[in-house]
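Chain by chain, the residues run as shown.
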2 protein chains.
Amino acid sequence: MKRVSEQEKLLKRKGEGMTNIRDIAKLAGVSVTTVSRVINNHPYVSEEKASAVKAAMKKFNYHRNINAVHLSKGKTHLIGVVVPFSYHPYFGLLIEGIANAALDHNYKLVLIQTNYEETKEMEALRMLEDKQIDALIICSRICAWHVIESYSVYGPIVLCEDSRNNKISSTFIDHYKTFTMALHYLYKKGHQQIGYTIGRQTGTNSSQRDAAYKDFLTSKALSYEPSYIFTNRFDVEDGVNVAEHLLDMKNRPTALLVTSDQVAAGILTGCRENGLAVPDDLAIMSFDNQPISRVMHITTLEIPFVEVGEKLFQQAMNGQEAAHEEVQVRLIERKTV
Amino acid sequence: MKRVSEQEKLLKRKGEGMTNIRDIAKLAGVSVTTVSRVINNHPYVSEEKASAVKAAMKKFNYHRNINAVHLSKGKTHLIGVVVPFSYHPYFGLLIEGIANAALDHNYKLVLIQTNYEETKEMEALRMLEDKQIDALIICSRICAWHVIESYSVYGPIVLCEDSRNNKISSTFIDHYKTFTMALHYLYKKGHQQIGYTIGRQTGTNSSQRDAAYKDFLTSKALSYEPSYIFTNRFDVEDGVNVAEHLLDMKNRPTALLVTSDQVAAGILTGCRENGLAVPDDLAIMSFDNQPISRVMHITTLEIPFVEVGEKLFQQAMNGQEAAHEEVQVRLIERKTV
DNA sequence: GTATGGTATGAAACGCGTTTCAGAGCAAGA
DNA sequence: TCTTGCTCTGAAACGCGTTTCATACCATAC
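Predicted, not measured: the structure shown is a model, and the values here were computed from it.

(A) Here's a closer look at the overall build of chain A. Within chain A, the regular secondary structure consists of 14 helices and 12 strands. Taken over the C-alpha trace, chain A has a radius of gyration of 27 Å; the compact-globule value for 337 residues is 20 Å, which it surpasses by more than 25%. Overall size of chain A, expressed as C-alpha extent along the three principal axes, is 95 × 40 × 35 Å. Per-residue burial over chain A gives 55% buried out of 337 residues. Of the roughly 14900 Å² that chain A leaves accessible, carbon and sulfur atoms contribute 48%. For chain A, the centre of its 39 positive side-chain charges and the centre of its 39 negative side-chain charges are spaced 10 Å apart.

In structure tokens, the structure reads:
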């Protein structure tokens, strides 16, 4: 009857779910090692001990303290994902892709929203350093390369931008190539006055596109027209704004390369309201292939978000040395070019 | 010179950033308690000891192992957020709101995507039980109330649906009230054949709306027309589909209450393409006030996502006993009614 | 002159699961 | 018969920061 009183003491001392592995070991009359083996399905445990342990766990509603596991293992099964904001469909889609891959591998995501503030990105890097996350996926980088690299000793860091010149893994789209392809496509359709809209002006993606644009103009002996470039365009409303801006121009572009379907949807709406015919007065070619582009029949370059998310996750898992995965976009011809 | 050799040994033994608090204590010639005090800015540390500790930390690039802190404190500064999918703007906005509130309080979010699978929601609850997260915010519930309640002993659980009948905190919109108000508004505008579109059919929000709809019909002595109700409508494309469906109906509704701007945008687009005039042939009133509704001039009921996110977070922080915060929507009259 | 209270510091216990290592028992192979 | 080698078990060390408690000193307060 000694055991019973032991149990009663325990029940009194501990609140709901507060038993630990040592208590269970005592209760089941085995060592903590054996309890640990049962928990982790290690094969070398006899039938009877295993069931004694299971009974004790059940009786006391035992749940291991995951933080002790994390400390002991040095892993958390958490992956940090850095995005500037989560509302924008582009990042929503990316997160969706990563989250689905993570789910399959029993990893969870920690969302780190930066609003494009460098300090927030640093916090994410520090989380990696502190072992709060096992790996970090940065969807939109702000910090300098050498800063990112200096943190990569603490765990895998994966980027979503062309990093072939750096020691950091990445899954990316070759925006130089893609932009060039798109520009030639528009040119072939008869456009010589082509402009583009973009989000941030900084960053690898943007400078690749800018380079492609300038090289294209040079190759076709077209002149560079600064007013054809619209920066800081992220959302539908920014798109409407572009359309309105267009109306006031004496020398309008005849085609626009738009880096987000959201912006394209806005431009299209704005054009319709103001009597600008698409594609006759203005051709629009955009990026992403989000649902809205399907609905509005916008010609777009499909980014395979699921694939990107999966590859980013895989790279984050593998870690070891820097890998670079290029992802291909696909042109989807609809009615705006 | 003894100290130097000690240090050298340490440097050899430990890799980058692998020193722990005891090493630092030894190096600085103080106790671990004192080091801990320095780390946590406790006042009772003398100037000289503090600087000795700081010097040692710097020299060995010491960083505390956050998992040890978590284990010791029993808190992780992580809040779980359960959403069915992150792509949809509704959830994106909600996440954005919560994330911003969390940022201000130095909390991070763990995103748990369920795809409406109950097992995933259970996993989230288990994370709370395991102390992996300090609190849980469920944006779209699947599990039964008693299940949720049974887990609330492990930490605060907050819902984004009217839970005034339950012991769980919530920040919610009274969808019965709101739907009733909207229906009367449409009625006053001359509509007697009103339908609605909705996402999931299950859940508190949906049943509140359904009840409001049926009560409204009764109060106005209007007949219930099952074909006026469109379920499983989440996205723009679902909206286009509704519009196409409408064309085939002999007895069309003259107005539609749409539970998401995305769907409304799709309906509007579909109507335009098929020659259904909005609002003359079909009035559309929707929910959320997302950017797309501004751009497309959709009359909508604004949900203050920032406020909702903040309140959800606050409730998750306070925890103690169940609180219920109602949030008001605001009618924004534009051009689709 | 003594009681009181803040400052400063460290030993030890605490939170808790994992893993290494050593050892015992037993069976198949040489 | 002896050696391997697998099965099963547990003690102890490990990962590491926080917190409680006891102690000691010094300075006002009474």
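And the narrative resumes.
(B) Looking closely at the protein's contact with DNA strand D. Contacts to DNA strand D come from 27 residues, most closely from Tyr 44 and Ser 46 of chain A together with Ile 21, Arg 22 and Tyr 62 of chain B. In DNA strand D, the atoms that sit within 4 Å of the protein are 60% sugar and phosphate, with bases accounting for the remainder. The contact in question runs from a phosphate oxygen of DNA strand D to an N or O atom on the side chain of Thr 34 of chain A, over 2.6 Å. Within the surface near DNA strand D, the residues separate by chemical class into 11 nonpolar, 11 polar and five charged.

(C) Up close: the relation of the copies chain A and chain B. When chain A is brought onto chain B, the operation consists of a screw motion whose angular component is 180° and whose axial shift is 0.0 Å, with 0.0 Å RMSD remaining. Interpreted geometrically, this transformation is the action of a two-fold axis. For chain A, the smallest separation between a C-alpha atom and the rotation axis is recorded for Val 110 of chain A, amounting to 2.2 Å. Both copies contact each other with a shared surface, as 100% of the interface residues of chain A are interface residues in chain B too.

(D) The environment of Leu 217 of chain B, seen in detail. By the secondary structure assignment, Leu 217 of chain B is in helix H10 (residues 204–219). In this structure the C-alpha to C-alpha distance between Leu 217 of chain B and Leu 183 of chain B, which are 34 residues apart in sequence, comes to 9.3 Å.

(E) Summary view of the protein's contact with DNA strand C. By nearness alone, 27 residues border DNA strand C, and Ile 21 and Arg 22 of chain A together with Thr 34, Tyr 44 and Ser 46 of chain B come closest of all. The protein-proximal atoms of DNA strand C, defined as those within 4 Å of the protein, are 57% sugar or phosphate. One of the side-chain nitrogen or oxygen atoms of Ser 36 of chain A is found 3.0 Å away from a phosphate oxygen of DNA strand C. Counting only elements with at least two residues in the surface near DNA strand C, the list comes to helix H2 (21–28), helix H3 (32–39) and helix H5 (66–73) of chain A together with helix H3 (32–39) and helix H5 (66–73) of chain B.

(F) Layout of the pairing of strand E2 (residues 108–113) of chain B. Counting buried residues along E2 of chain B, six of its six residues qualify, which places the element largely inside the surrounding structure. Note that strand E2 (residues 108–113) of chain A and E2 of chain B share three bridges and pair antiparallel. Considered in E2 of chain B, the bridge of Leu 109 of chain A is made with Leu 111 of chain B. Two elements, strand E1 (residues 78–83) of chain B and E2 of chain B, share six bridges in a ladder whose sense is parallel. Looking at the pairing, Val 81 of chain B lines up with Leu 111 of chain B of E2 of chain B. Tracing the backbone out of E1 of chain B, into helix H6 (residues 89–104) of chain B and back to the parallel element E2 of chain B gives a crossover that is right-handed.

(G) Summary view of the interface of chain A and chain B. Taken residue by residue, the interface counts 50 residues in chain A and 50 residues in chain B. Between chain A and chain B, a total of about 4800 Å² is buried, with carbon and sulfur atoms accounting for 59% of that surface. When the buried area of chain A at its contact with chain B is split by residue, Asn 67, Tyr 87 and Val 295 of chain A rank highest and sum to 13% of it. Counting across the interface, chain A meets chain B through four salt bridges. In this structure, Arg 294 of chain A engages Glu 237 of chain B in a salt bridge whose closest nitrogen and oxygen atoms are separated by 2.6 Å.

(H) Representation of the packing of aromatic side chains. Counted under the stated rule, the structure contains 26 aromatic pairs over all chains. Each ring, one from Tyr 107 of chain A and one from Phe 313 of chain A, has its centre 5.8 Å from the other, and the planes form 75°; the classification is edge-to-face. Residue Tyr 107 of chain A is located in the loop between helix H6 (89–104) and E2, and its partner Phe 313 of chain A is located in helix H14 (residues 305–318); the two are separated by 206 residues in the primary sequence. Counting every residue linked through ring pairs, the aromatic cluster contains Phe 85, Tyr 90, Phe 91, Tyr 116, Phe 234 and Phe 305 of chain A. Over the ring of Trp 145 of chain B we find Arg 141 of chain B; its NZ or CZ atom is 4.0 Å from the centre of that ring. Over the ring of Phe 287 of chain B we find Arg 209 of chain B, and its NZ or CZ is 5.1 Å from the ring centre.

Criteria and cut-off values
Residues numbered from 1 in each chain as written. Chains lettered and ligands numbered in written order. Predicted model: local features only at pLDDT ≥ 70, side-chain atom pairs only at ≥ 80, totals over all residues. Heavy atoms only, no water. Helix = DSSP H or I, 4+ residues; strand = E, 2+ residues; numbered from the N terminus. Rg over C-alpha atoms; globule rule 2.2 N^0.38 Å. Buried < 20%, exposed > 50% of the residue type's maximum accessible area, 1.4 Å probe, protein only. Areas by Shrake-Rupley, 256 points an atom, 1.4 Å probe, with all protein chains shown as cover. Lys, Arg positive; Asp, Glu negative; His and termini not counted. Charge placed at Lys NZ, Arg CZ, Asp CG, Glu CD. Near = heavy atom within 4 Å. Polar contact = N/O pair within 3.5 Å; in protein donor to acceptor, adjacent residues only side chain to side chain. Nonpolar A, V, L, I, M, F, W, Y, C, P; charged D, E, K, R; others polar. Least-squares fit on C-alpha atoms with pLDDT ≥ 70 in both. Contact = heavy atoms within 4.5 Å. Pairing = 2+ DSSP bridges. Right-handed = clockwise from strand over helix to strand, strands pointing away. Buried area = accessible area lost by both parts, 1.4 Å probe. Salt bridge = Lys/Arg side-chain N within 4 Å of Asp/Glu carboxyl O. Phe/Tyr/Trp six-rings, centres within 6.5 Å; stacked < 30°, edge-to-face > 60°. Lys NZ or Arg CZ within 6 Å of the ring centre and 35° of its normal.

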